[in-house]
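Read off the chains here:
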Amino acid sequence: MAGVPDRPGRRRRGSLRLGTVRSGGSVGGDADVASVANLVGEPARAAALMALLDGRPKPAGVLAAEAGVAPSTMSGHLARLVAGGLVTVRREGRQRVYGLARPEVAQALEALARVAPRQSVRSLRQGTYAEALRRARTCYDHLAGRLGVALLDGLLARGLLEEESGDACLGGPPSRSYRLTPSGRAALACVGVDLSSSGRRPLVRPCVDWSERRPHLAGALGARLLRRLLELGWLRLGERRIVLVTASGRTALEEVLGVDPASWDLALLPPGAGLDRAQ
C-alpha cells in the first residue's frame, strides 16, 4: 500500500529474499575447502592423486601399489575420489582406469606440494627418484622440474614468449603472465606444435614449480609442446612422472628452444651449485 513503510519480514513485489534466486536454483556459499581437504588428506588417497599427476590414467591395482595398500582398500578410496569430483573413471578393455578429473585438480595438488614438507629419503632408490623428479617430470600434461623451468627461460630469452605484468593479488607483487610472440608462433609452428585455438583454456599460463619455486610453462601451449617433444623423440616418459631427455633432444632443445643443458642437468653444474634446490 502506498505510503506504508516496509515492515520486517515484508518484501516488495519483485524483490528477492537473501539466499534465493529467481530461476529456482540454489545460491552457493563459500568454497567447501574442508571437503576437498578431507579427501586429499588421507595418505593412501594422496599417494594415488600424486601418482595420477603424470596425466596417464591407471588401474586401481597400480595405484594400490603406489600407495602401499590392498587393491580392495584402494577401490574404496577411489570411489570416494570419484564421488568427490577429483578423479574420473573409464573402461579400457576389461579394466577400469582412473585419472584426474580436470587440470584444476592438478593445479591444486601442485599448490599443496609447494607448501608441504618434504618426505624423508631413506634409501638410495628413493634419493635417485627424488632427484630425477626435480630434474624433469610431468605436471599433469606439461613439463616441470628444472627442465620445465629452463624451457620457459629459454623461450623468454629467445623472444618466443614475452612477459606481461598482471594485477597484484592480496597486496602482493603483480602476477606474471606471458604471451606468444609472432616469432614464437613461427618458430613453434616450424617444429609442428599445434597453435590452434585452445577454447576456454588459456594458451599460455605460468605454473609455479613446487621444487624450483619458479614458474614453468603450463596452459594449452605447455601441454601441446610437451606432446610434440615426445613425438619428436626429444623427450620420453620414464618411471611414474619422470621425463627423460634423449641424446638428440639435448642438442635440439638447446638449438631450437634455447634450453641451456647446464640449467637443468646437475652433472654440468659447478660443484655445490644447485644443491639448495635439491633439498
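All values derive from a computational prediction rather than experimental measurement. (Residues numbered from 1 in each chain as written. Predicted model: local features only at pLDDT ≥ 70, side-chain atom pairs only at ≥ 80, totals over all residues. Heavy atoms only, no water.)

Our next topic: the packing of aromatic side chains. When we look at a pair of aromatic rings, we describe it by the centre distance and by the angle of the planes. All told, the structure shown has zero aromatic pairs when counted by the stated rule. Taking the ring centre of Tyr129 as reference, the NZ or CZ of Arg240 above it sits at 4.2 Å. (Phe/Tyr/Trp six-rings, centres within 6.5 Å; stacked < 30°, edge-to-face > 60°. Lys NZ or Arg CZ within 6 Å of the ring centre and 35° of its normal.)

This part covers the nonpolar core. One finds Leu221, Leu225 and Leu257 to be the most contacted residues of the largest nonpolar core, which totals 31 residues. Broken down by secondary-structure element, the contributors of at least two residues to this core are α7 (145–157), β7 (174–180), α9 (219–232) and α10 (247–257). For Leu221, the contacting residues outside a window of four places in its chain are Leu161, Leu180, Leu188, Val193, Leu195, Leu203 and Val204. Leu49, Ala51, Leu81 and Tyr98 belong to the second largest nonpolar core, which has 22 residues in total. (Core = buried A, V, L, I, M, F, W, Y, C linked by side-chain atoms within 4.5 Å. Buried < 20%, exposed > 50% of the residue type's maximum accessible area, 1.4 Å probe, protein only. Helix = DSSP H or I, 4+ residues; strand = E, 2+ residues; numbered from the N terminus. Contact = heavy atoms within 4.5 Å.)

Pairing is antiparallel in the open sheet, where three strands are placed in the order β1-β3-β2. Two strands lie at the open edges of the sheet, namely β1 (58–59) and β2 (87–92), each paired on one side alone. Sheet topology places β2 next to strand β3 (residues 95–100); six bridges connect them, and they run antiparallel. Note that in β3 the partner of Val87 across the bridge is Leu100. (Pairing = 2+ DSSP bridges.)

Now for the pattern of salt bridges. For the structure on display, the rule yields 16 salt bridges. Asp209 serves as the salt-bridge partner of Arg137, at 2.9 Å between the closest nitrogen and oxygen. Here Arg137, found in strand β4 (residues 137–139), pairs with Asp209, found in the loop between β8 (205–208) and β9 (215–218); they are 72 residues apart in sequence, far enough to count as distant. Owing to a relative accessible area of 0%, Arg137 belongs among the buried residues under this scheme. Salt-bridge contacts for Asp265 lead to Arg250; the nearest nitrogen and oxygen are separated by 3.0 Å. Of the two residues, Asp265 is situated in the segment after α10 and Arg250 in helix α10; the sequence distance between them amounts to 15 residues. (Salt bridge = Lys/Arg side-chain N within 4 Å of Asp/Glu carboxyl O.)

Once that is clear, we can look at α7. Compared with the 18 Å implied by 1.5 Å per residue over 13 residues, the 18 Å span of α7 between its first and last C-alpha is a close match. All of the buried residues along α7 are Gly145, Arg146, Leu147, Gly148, Val149, Ala150, Leu151, Leu152, Gly154 and Leu155. In the stretch just after α7, Gly159 is the one whose phi turns positive, near 80°. (Expected span 1.5 Å × (residues − 1).)

Another point: the confidence of the model for the chain. If pLDDT is low for a region, its predicted coordinates should not be looked at in detail. When pLDDT is averaged across the chain, the result is 83; 81% of the residues are at 70 or more. Confidence drops under pLDDT 50 across residues 1–9; counting only partners more than four residues distant or on other chains, this segment forms four contacts. (pLDDT = per-residue confidence, 0-100.)

Let's shift gears to the side chain of Arg45. Tracing the backbone through its elements, the reader meets Arg45 in helix α2 (residues 43–51). As a buried residue without a salt bridge, Arg45 has its nearest oppositely charged side chain in Glu42, at a separation of 4.6 Å. Within the structure, the side chain of Arg45 is placed 3.1 Å from the backbone oxygen of Asn38, a separation counted as a polar contact. Sequence-distant contacts of Arg45, defined by excluding residues within four places in its chain, comprise Asn38, Leu39, His77, Arg80 and Leu81. (Lys, Arg positive; Asp, Glu negative; His and termini not counted. Polar contact = N/O pair within 3.5 Å; in protein donor to acceptor, adjacent residues only side chain to side chain.)

Packed helix pairs are specified by the crossing angle of their axes together with the interaxial distance, meaning the distance between the axes. Look at helix α6 (residues 124–135) against α7: their axes get within 3 Å of each other, and the N-to-C directions meet at 10°. With respect to α7, the element α6 is oriented roughly parallel. Where α6 approaches α7, its residues Glu131, Leu133, Arg134 and Arg135 are matched on the opposing element by Gly145, Arg146 and Leu147. (Axes fitted to C-alpha atoms, helices over the stretch in contact; angles between N-to-C directions. Parallel < 35°, antiparallel > 145°, perpendicular 65-115°, else oblique.)

Residue classification places Asp265 among the buried positions, given a relative accessible area of 12%. A polar contact is formed between the side chain of Asp265 and the side chain of Arg250, at a distance of 3.0 Å.

With that settled, consider the packing of α2 against helix α4 (residues 71–83). Between α2 and α4, whose axes approach to 10 Å, the crossing angle comes to 70°. One element, α2, and the other, α4, form an angle in the roughly perpendicular class. Seen from α2, the contacting residues are Ala44, Arg45, Ala48 and Leu49; seen from α4, they are Met74, His77, Arg80 and Leu81. Taken together, the residues of the contact of α2 with α4 sort by class into five nonpolar, one polar and two charged. (Nonpolar A, V, L, I, M, F, W, Y, C, P; charged D, E, K, R; others polar.)

Both β8 and β9 contribute to a ladder of four bridges, which runs antiparallel. Within β9, the position partnered with Arg205 by the bridge is Ala218. Between β8 and β9, which pair antiparallel one after the other, the connecting turn spans six residues, and Arg213 there sits at a positive phi close to 60°.

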